[in-house]
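# A look at the structure
Okay, here's what each chain looks like letter by letter:
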Amino acid sequence: MKRNKSLLVFFISIIILVELSRGQNNRKTEVNVGVVTDVGTVLSDIEMRCINLSLADFYSSRPQFQTRLIPNIADSRNDVVGAAAAALKLIKNKQVMAILGPQTSMQAHFMIDIGQKLQVPIVSYSATSPSLTSLRSPYFFRATYEDSFQVNAISSIIKLFGWREVVIVYVDNTFGEGIMPHLTDALQEINVRIPYRSVISLNATDHEISLELSKMMTMPTRVFIVHMSTSLASRIFTKINEIGLMKAGYVWILTNGIADQLSSINETGIEAMQGVLGVKTYVRKFKELEKFRARWRKMFPEMELNAFGLWAYDAVTALAIAIEEAGTNNMTFSNVDLGRNVSELEALGLSQYGPKLIQILSQVQFKGLAGDFRFFKGQLQPSVFEIVNVIGTKERSIGFWTEEIGLVKKLDQEQQSVGALSTWKDHLKHIIWPGEANSVPKGWEIPTNGKRLRIGVPKRTGYTDLVGVRKDPITNSQVVEGFCIAFFKAVTEAMPYDVSYDFFPFEKSDGTPAGDHNDLVYKLCSLSFTLYQKYGAVVGDTTILANRSSYVDFTFPYTKSGVGLIVPVEDQVKRDSISFLKPLTWKLWMTSFFFFFLIGFTVWFVEHRINPDFRGPAKYQASTIFWFAFFTMVFAPRERVLSFGARLLVITWYFIVLVLTQSYTASLASLLTTRQLDPTITSMRSLIEKGEKVGYTGTSFIFGKLTEAGFARSSLIPFDTADDCDELMRKGPENGGVFAAFMELPYMRLFLGQYCKAYQVVEEPFSVDGFGFVFPIGSPLVADVSRAILKVAESTKGRDLEQAFFKNKNETCPDPVTNPDPNPSTKSRQLGVDSFWVLFLIAFAMCVFTLGKFSFFFFKKTQVNNLWQEFNQPDMDSYLNRVEKCSCSSSPHMPNNNTQEVNQANNQSDTSNPTSLSE
């Protein structure tokens, strides 16, 4: 009663103002315009008051205008047909030149058709559905923002927090459905999945609402977008709070259809919305707007002014400007020949004023209360949305969204380059989430009252150390085990929340496998878009492949990658009667013999003129050369070396001989005692060229890789177990076996851990990403599971699992991963000259040095002796004969008296000759 009384007083005051204006100037032309609204609603009361204030303010500030708009109100009775009937009534009885309204998008759809046919402009300030744009009527003007403009702001919020799934809750009418195509496209652009859409009727009962909310409660998704009218939103959030969907961990985002009218929601509804986020139409503050708000609060303290009221105010102003510019000519409707058969609508005629009015109205521009007013393609264009957080009894601003910058805390802050490591706090102010939580909800979790995650497991007949399915003899239930299963359990334990799951082997009723890995992955894909699918994930030895990733999502790999080519090995060393020659190459043998002779010759050449051990007949001296050189290999030679140069050369040769003999001994021992295993083939290309038969692990992708590489299908033989592979390769292709086998690294580790002595990996022809867990596309579990995989892999738990399941059955076999090459030199490598060329170079340099020095002093002494002999020839001859007799009578161990005599002779010779021969 109080609200109706105030509204009546307001209308009376407006009528008095209009009558006064008529009395002051009777020459003003009155122009009838219609207003179609749901009389009695809160939004209608606000809009009507704004319309009347707009007319009063406009004409009081422009007394020179020759036209005056006269609003004619028609009640649409909150009904689509009622709105169309009200529009027809205004056109027929009042011959209105334009119609303001209606209030809802459903009502506007019919009225736009009427305005199009009768050429009467329809100006709506509250019909926001994007579906109205598709009508493409030039007589429809939207003096508000279309709902699709806010979808980018909503997607920016979801992207900022990294949520991967959202559920959209909307009303089942044109208003609710209109935004869906645009919102879906915006979410798909940021790879956000919509697993479910909750459509609620405008007239749904509380029981129906509770059933729908209970269904959503069993879903793993925790992020919801709500788009509906405020009356329905108030009822739904009350139920949401009662059921428990407003606890910590949930996220609720309101579109501007609700956020712009939060003030009209009752106290119970607002209390149920604590912590929700909203995208609200932003109206920039300026002086005229603040004055109008102050006047509004003074005149209507019981009502909260909203954006729709401001748009109604500006819409009337724009229409008044357009009618003033269009003039008052042709404000009539064309007459229709009633004699012919015409419809009731056609009988109203066509407005002659409409075409000119829409042309001028589309060009109107001014600064309105809601911002810059200008129609672009028949509607206003927004630039900013405000992000609000409902706290207490009202909303609190936490940031803004602009098309140029995105999400920002303040509009006046400069665009900053935010790095990849920035957080949401760099874009928005502090947020209080539902349940008064301060931490950001994850947006997804396994509901405790929902269905458990069904995990498909491949059924294998071999390599059960990776994935094995067996029956418990006591309980007769199926037990799933293996490395992949144990690793997945460790990963779920490392996740930040509990995941309830059950394993289901991919098998037929008789216990045989229901298909290969591709079949299992396809089964997951084909049901990935349903709410309750047969499998929610696949855990097992499933390899990450490019073609599979196009229809499912993989986690990070939890095993090392690679496909290895395994071939038999055989001992290539032939132990025969000449095995002692194999440690050295023939070049090294020849080089060693050459240096033996060179060293012996050099020592003889230097020593034979002064050392009696190197003198004698020619045959004796030649044998001494070889004897001395070869004797240095094992014993100290009998002959003594007297000169300094020869001694230095012999010492050097001793060292070289020591290195040669030790190297020869080690190489010969290795040759005779160690198996030198060589692979029977070294590359996949050789197998293809020869057309050899090869094996591969059954139920794997390797078959397709091999056929693409060039192998004939008939040459590919599958095997299931490591024993089968060993048997095939032992048989060989001649007996129905294979020449080589292809396996992934985990299978290869298990196989070589048992048969490392007979086989070897020679090549990795294919690159793959290892094993990964499989989920439907868009599953938010992928990111959390991948992070948990990294935690487990970097911890001791991961290493313990590998050691436990990849423990070699043959203890003498090394791990092909930790020790990938058990035979670092599979081919016996002979010692060659390249290993000792530095030593031989030193020996050669010493020989050249010793021979050069001796030759130099020899030729120099010869010239001096020739001069000396001319003066003292007889004495010299007797001296040399004496020395010769002493030398012949001496043994290698000369007595002291003879040694002294020889030394005296040498001293006399050195004293009498300027240059000594020993030099």
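What comes next is a walk through the structure. Because the structure is a prediction, the values reported are computed rather than measured.

## Digging into the overall build of the protein
Of the regular secondary structure elements, the protein holds 28 helices and 28 strands. For the protein, buried positions account for 50% of its 919 residues. For the protein, restricting intrachain contacts to residue pairs at least 6 apart in sequence, the fraction spanning at least 24 positions comes to 74%. When the accessible surface of the protein is split by element, carbon and sulfur atoms take 54% of a total near 45,400 Å².

## Here we look at the pattern of salt bridges
Following the criterion strictly, the structure yields 16 salt bridges and no others. Asp 784 is the partner of Arg 787 in a salt bridge, and the nearest nitrogen-oxygen pair spans 3.0 Å. Residue Arg 787 and its partner Asp 784 are located together in helix α24 (residues 781–794), separated by three residues, close to a single helical turn.

## Some words on the sheet that holds strand β3 (residues 99–100)
If you walk across this open sheet you meet the five strands as β2-β1-β3-β4-β5, and the pairing is parallel. Unpaired on one side and paired on the other, β2 (67–75) and β5 (140–142) mark the two borders of the sheet. Judged from the nine bridges that link them, strand β1 (residues 29–37) and β2 form a sheet pairing that is parallel. Within the sheet, the bridge partner assigned to Val 36 lies in β2 and is Ala 74.

## Quick notes on the packing of helix α2 (residues 42–61) against helix α12 (residues 287–299)
When two helices pack together, their arrangement is given by the angle between the helix axes and by the axis-to-axis distance. Two elements in contact, α2 and α12, have axes separated by 13 Å at closest approach and are oriented at 120 degrees. In this view, α2 runs oblique relative to α12, as classed from their interaxial angle. Of the two elements, α2 crosses α12, and the hand of that crossing is right-handed. Between α2, through Ile 46, Arg 49, Cys 50, Leu 53 and Asp 57, and α12, the contact on the second element is made entirely by Phe 292, Arg 295, Trp 296 and Met 299. Residues of the contact of α2 with α12, tallied by class, amount to six nonpolar, no polar and three charged.

## Re the nonpolar core
Counting 81 residues, the largest nonpolar core has Ile 51, Leu 69, Ile 91, Ile 99, Leu 100, Trp 296 and Ile 323 as its most contacted members. In terms of residues, this core owes the most to one element, helix α13 (residues 307–326), which gives 15 residues. Discounting chain neighbours no more than four positions away, the residues touching Leu 69 are Val 31, Val 33, Leu 55, Tyr 59, Val 316, Leu 319, Ala 320 and Ile 323. Counting 55 residues, the second-largest nonpolar core is a separate cluster that includes Tyr 501, Ala 722, Leu 745 and Leu 781.

## Overview of the packing of helix α3 (residues 80–94) against helix α4 (residues 105–118)
One way to put it is that α3 packs onto α4 with a least axis distance of 8 Å and a crossing angle of 30 degrees. Taken together, the axes of α3 and α4 are roughly parallel relative to one another. In this structure, α3 crosses over α4, and the sense of that crossing is right-handed. Every residue of α4 that contacts α3 at Val 80, Ala 83, Ala 84, Ala 87, Leu 88 and Ile 91 is listed here: Met 106, Gln 107, Phe 110, Met 111, Ile 114 and Leu 118. In terms of residue class, the contact of α3 with α4 is built from 11 nonpolar, one polar and no charged.

## Comments concerning helix α14 (residues 354–361)
Listed in full, the buried residues belonging to α14 are Gly 354, Leu 357, Ile 358, Ile 360 and Leu 361. Burial along α14 is one-sided: seen end-on, the buried residues are contained in an arc of 165 degrees. In this structure, the buried residues of α14 make contact with β4 (122–124), β5 and α13.

## Some remarks on the side chain of Thr 559
Within the element layout of this structure, Thr 559 appears in the loop between β21 (552–554) and β22 (563–571). Here Phe 771 takes part through its backbone nitrogen, which lies 2.9 Å from a polar atom of the side chain of Thr 559. Contact partners of Thr 559, with chain neighbours within four places excluded, come to Phe 483, Pro 746, Asp 769, Gly 770 and Phe 771.

## Some details on the sheet that holds strand β15 (residues 406–408)
Strand order in the open sheet made by the eight strands is β7-β6-β8-β9-β10-β13-β14-β15, with mixed pairing throughout. Because the sheet does not close on itself, it has two edges, and the strands there are β7 (193–200) and β15. On average, each strand axis in the sheet is inclined to that of its neighbour by 30 degrees, with strand direction left out of account. Summarising the sheet, strand β6 (residues 165–171) and strand β8 (residues 223–227) pair through four bridges and their orientation is parallel. In the strand pairing of β8, Tyr 170 is matched with His 227. Across the sheet, helix α8 (residues 206–217) lies against β6, β7 and β8, angled at about 170 degrees from β7, the strand it touches most.

## A short note on the packing of aromatic side chains
Applying the stated criterion to the full structure yields 40 aromatic pairs. Measuring from ring centre to ring centre gives 5.5 Å for Phe 161 and Trp 424, while their planes differ by 45 degrees; the resulting arrangement is tilted. Linking Phe 161 in helix α5 (residues 151–161) with Trp 424 in the loop between β15 and β16 (453–458), this pair joins segments that are 263 residues apart in sequence. Relative accessible area serves as the criterion here: at 12%, Trp 424 is assigned to the buried category. Pairwise contacts between aromatic rings join Tyr 463, Phe 483, Phe 487, Phe 488, Tyr 501, Phe 503, Tyr 558, Tyr 747, Phe 771, Phe 773, Phe 805 and Phe 806 into one cluster. The positively charged end of Lys 367 is found above the aromatic ring belonging to Phe 286, 5.2 Å away from the centroid. Above the ring of Phe 806, the side-chain terminus of Arg 749 is found at 4.2 Å from the ring centroid.

## Some words on the environment of Phe 488
Relative to the helices and strands, Phe 488 is located in helix α15 (residues 483–494). Linking Phe 488 and Val 785, residues 297 residues apart in sequence, is a C-alpha distance of 9.0 Å. Residue contacts for Phe 488: discarding those within four places in its chain leaves Ile 455, Tyr 501, Phe 503, Val 539 and Phe 773.

Cut-offs used in this document
- Residues numbered from 1 in each chain as written.
- Predicted model: local features only at pLDDT ≥ 70, side-chain atom pairs only at ≥ 80, totals over all residues.
- Heavy atoms only, no water.
- Helix = DSSP H or I, 4+ residues; strand = E, 2+ residues; numbered from the N terminus.
- Buried < 20%, exposed > 50% of the residue type's maximum accessible area, 1.4 Å probe, protein only.
- Contact = heavy atoms within 4.5 Å.
- Areas by Shrake-Rupley, 256 points an atom, 1.4 Å probe, with all protein chains shown as cover.
- Salt bridge = Lys/Arg side-chain N within 4 Å of Asp/Glu carboxyl O.
- Pairing = 2+ DSSP bridges.
- Axes fitted to C-alpha atoms, helices over the stretch in contact; angles between N-to-C directions.
- Parallel < 35°, antiparallel > 145°, perpendicular 65-115°, else oblique.
- Left-handed = near helix turned anticlockwise from the far one by under 90°.
- Nonpolar A, V, L, I, M, F, W, Y, C, P; charged D, E, K, R; others polar.
- Core = buried A, V, L, I, M, F, W, Y, C linked by side-chain atoms within 4.5 Å.
- Arc of directions from axis to C-beta.
- Polar contact = N/O pair within 3.5 Å; in protein donor to acceptor, adjacent residues only side chain to side chain.
- Phe/Tyr/Trp six-rings, centres within 6.5 Å; stacked < 30°, edge-to-face > 60°.
- Lys NZ or Arg CZ within 6 Å of the ring centre and 35° of its normal.

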